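Below, each chain spelled out in residue letters.
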Amino acid sequence: MDKVTKLASQRAVVVFSRSSCCFCYSVKSLFHELGVNAAVHELDEDPRGAEMERALVKLLGRRSPVPAVFIGGKLVGSTDRIMTLHLGGNLVPLLRDAGALWL
Amino acid sequence: MPLGPPGASRRISSSNNMSSASTQFASPRKMGIFEPNHQIGMWGDSFKADSSQNTGASSIVEAEIRLHNRLEDSPRTTLGPSKKYDQEANKPADKVLRRLAQNREAARKSRLRKKAYVQQLESSRLKLAQIEQQLDQAKQQGVYIGGNLGESTLGLSGSVNSGVTAFEMEYGHWVEEQNRQTSELRAALQAHVSDIELRMLVESALSHYDNLFRIKAIAAKSDVFYLMSGMWKTAAERFFLWIGGFRPSELLKVLSPQLDPLTEQQVIAVGNLQQSSQQAEDALSQGMDKLQQNLAETLTSDSSGTSAVSDYMGQMVNAMGKLEALVSFVNQADHLRQQTLQQMYKILTVRQAARGLLALGDYFQRLRALSSLWAARPREPA
């Protein structure tokens, strides 16, 4: 859990992902489109990945915790949440507040 | 193969131009008048199964039957042709008689063919009724007939998945209710009802869409490929298919022209929604492409020969795992559709929302109508 929070606060936007997960790819794609430079941690490629995944499961309360998006050090949620926020026009302000965007 | 020498009939009715090669029908007098002989000749060719669904095709069949009935009349009235023959007094009588006999023979064979055709129709009809009954029974019992690794097909061809049949039934009802609601919206807008009443209609229309997404989610768990194939939609709707449904950005394109006049604030909000829904859509599409790529890679990774069987099994297990992701994608795409509708409702006034929903309902209705028209379009004879 410590590792998760530590990594989550290192950058404005942090995404915990798995390299084989296509949903994660969608979220990464969206951030890329928005011009956000997100820090991506592939849990399947990290030596402490399993541990972090367990921590995320506890945080998110679901079986598959990826993608897990943190903005400004705070947990925002998974794909669902990101999409809802974006369509509601609330994602971009959130990103701006966290300093991930400058426009 | 034509009955009776074609040349014979032509010579008798000297002034008629016979463009068609099939001159099976007796009366030379009638031949020149009814030019679609080739259509009637098609009876022999069987009754195409799909024409039972198209009112267009069946009315053609009815017309053909009526046409043939009229043609049939002439051989019985032997007086008719013989009048004409009197004019050609130079022809030897036995030739004339021979031709008469040939015409009668042709007419008789034609009647027999018609009879066979009608019998074929009747038995097909019975078979269809039987099959429909079986299907109803199966649906009622929620029977899962045949079942293997998730292979599912529609209706009569092979195994019947109860989740699929349940969805098809529910979707049918959903469409009926949608059409009803669309008419209601139109009437309400024309009658200039109060905003309160309009709001009720708008909210029930939106929750009706929620119903659609709900039943789709259940169907996705049952058979995601079926949902993604769009076979539950009409053909023209399928043309626009994106991850098991309509594109959110398309929805906005249909709605926007109907919403004027918009305040400046609304214009900006709609513009933002268009942009963000397009971005979200693109992101999902990218994810889908990646999934395809991953799946293809999984299935094409070469086994180094030593443990081919376990490699194969491993491949399959791997691939199966990937397919699970498809369900999530369909759900996420539906989530996007739902969110787009909800956001539009937030941006618009009640009256604008009503007009927008009416436009949307009309649009889908027209797509469905187009599909029917297309299916019933007259085709070139084989």
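By the naming in an unreviewed UniProt entry, chain B goes by DOG1 domain-containing protein and is assigned to Ensete ventricosum. In its Subcellular location (unreviewed entry) section, UniProt records this for chain B: "Nucleus". Turning to chain B, the UniProt annotation filed under Sequence similarities (unreviewed entry) states: "Belongs to the bZIP family."

In the nomenclature of an unreviewed UniProt entry, chain A corresponds to Glutaredoxin domain-containing protein from the organism Ensete ventricosum. If you open the UniProt record of chain A and go to Subcellular location (unreviewed entry), you find "Cytoplasm".

Asker: An account of the sheet that holds strand β1 (residues 13-17) of chain A is requested, with residue identities and associated values reported.
Answerer: Residues and elements named next belong to chain A. On the basis of which strands lie adjacent, the open sheet formed by four strands has the order β2-β1-β3-β4 and mixed pairing. Edge positions in the sheet fall to β2 (39-42) and β4 (74-77), since each has one partner strand and no second. For this sheet the average axis-to-axis angle between neighbouring strands, irrespective of direction, equals 25°. Relative to β4, strand β3 (residues 68-71) is paired through three bridges, and the arrangement is antiparallel. Bridge pairing in β4 links phenylalanine 70 to leucine 75. Sheet strands touched by helix α2 (residues 22-34): β1, β2 and β3. Its angle to β1, the strand with the most contacts, is close to 160°. Helix α3 (residues 49-60) rests against β1, β3 and β4 of the sheet, and its axis sits at about 75° to β3.

Asker: Account for the packing of aromatic side chains, naming residues and giving values.
Answerer: Residue and element names in this part refer to chain B. If you walk through the whole model with that rule in mind, you get eleven aromatic pairs over all chains. Between tyrosine 171 and tryptophan 174 the ring centres are 6.1 Å apart and the planes differ by 10°, which places this aromatic pair in the stacked class. Taken as a pair, tyrosine 171 and tryptophan 174 lie in helix α7 (residues 162-190) at a separation of three residues, close to a single helical turn. By the burial criterion, tyrosine 171 is buried, and tryptophan 174 matches it. Seen from their ring centres, phenylalanine 246 and phenylalanine 364 are 5.4 Å apart, and the 40° between their planes marks the pair as tilted. Of the two residues, phenylalanine 246 is situated in the loop between α9 (235-239) and α10 (248-255) and phenylalanine 364 in helix α13 (residues 350-375); the sequence distance between them amounts to 118 residues. There is no split in this pair, since phenylalanine 246 and phenylalanine 364 are both buried. Among the aromatic side chains, those forming a connected cluster through ring pairs are Phe167, Tyr171, Trp174, Tyr209, Tyr226 and Trp232. If you follow arginine 377 out to its NZ or CZ, it ends over the ring of tryptophan 374, 3.7 Å from the centre.

Asker: Let's hear about the side chain of aspartate 223 of chain B: which residues, and what values?
Answerer: Residues and elements named next belong to chain B. Turning to its location among the elements, aspartate 223 is positioned in helix α8 (residues 195-229). In this structure aspartate 223 is buried but unpaired, with lysine 216 as the nearest side chain of opposite charge at 14 Å. Only 3.2 Å separates the side chain of aspartate 223 from the backbone nitrogen of phenylalanine 225, close enough to count as a polar contact.

Asker: So what's going on with α2 of chain A? Residues and values would help.
Answerer: Along an α-helix, a turn takes 3.6 residues, which lines up residues three or four apart on a common side. All names here are of chain A. Taking 1.5 Å per residue, 13 residues should reach 18 Å; α2 reaches 18 Å between its end C-alpha atoms and fits that length. Along α2, the positions that sit buried rather than exposed are Cys22, Phe23, Cys24, Ser26, Val27, Ser29, Leu30, Phe31 and Leu34. With its phi angle positive at about 85°, glycine 35 sits one or two positions after the end of α2.

Asker: Which residues make up the packing of α10 of chain B against helix α11 (residues 264-300) of chain B, and what are the values?
Answerer: Residue and element names in this part refer to chain B. α11 packs onto α10 with a crossing angle of 155° between their chain directions and a minimal axis gap of 8 Å. Compared by their axis directions, α10 and α11 come out roughly antiparallel. Residues Pro248, Ser249 and Leu252 of α10 touch α11, and the partners they reach there are Leu273, Gln274, Ser277, Gln278 and Glu281. When grouped by side-chain class, the residues that make up the contact of α10 with α11 number three nonpolar, four polar and one charged.

Cut-offs applied
Residues numbered from 1 in each chain as written. Chains lettered and ligands numbered in written order. Predicted model: local features only at pLDDT ≥ 70, side-chain atom pairs only at ≥ 80, totals over all residues. Heavy atoms only, no water. UniProt positions renumbered as here; feature names shortened; annotations may be inferred. Pairing = 2+ DSSP bridges. Helix = DSSP H or I, 4+ residues; strand = E, 2+ residues; numbered from the N terminus. Axes fitted to C-alpha atoms, helices over the stretch in contact; angles between N-to-C directions. Contact = heavy atoms within 4.5 Å. Phe/Tyr/Trp six-rings, centres within 6.5 Å; stacked < 30°, edge-to-face > 60°. Buried < 20%, exposed > 50% of the residue type's maximum accessible area, 1.4 Å probe, protein only. Lys NZ or Arg CZ within 6 Å of the ring centre and 35° of its normal. Lys, Arg positive; Asp, Glu negative; His and termini not counted. Salt bridge = Lys/Arg side-chain N within 4 Å of Asp/Glu carboxyl O. Polar contact = N/O pair within 3.5 Å; in protein donor to acceptor, adjacent residues only side chain to side chain. Expected span 1.5 Å × (residues − 1). Parallel < 35°, antiparallel > 145°, perpendicular 65-115°, else oblique. Nonpolar A, V, L, I, M, F, W, Y, C, P; charged D, E, K, R; others polar.

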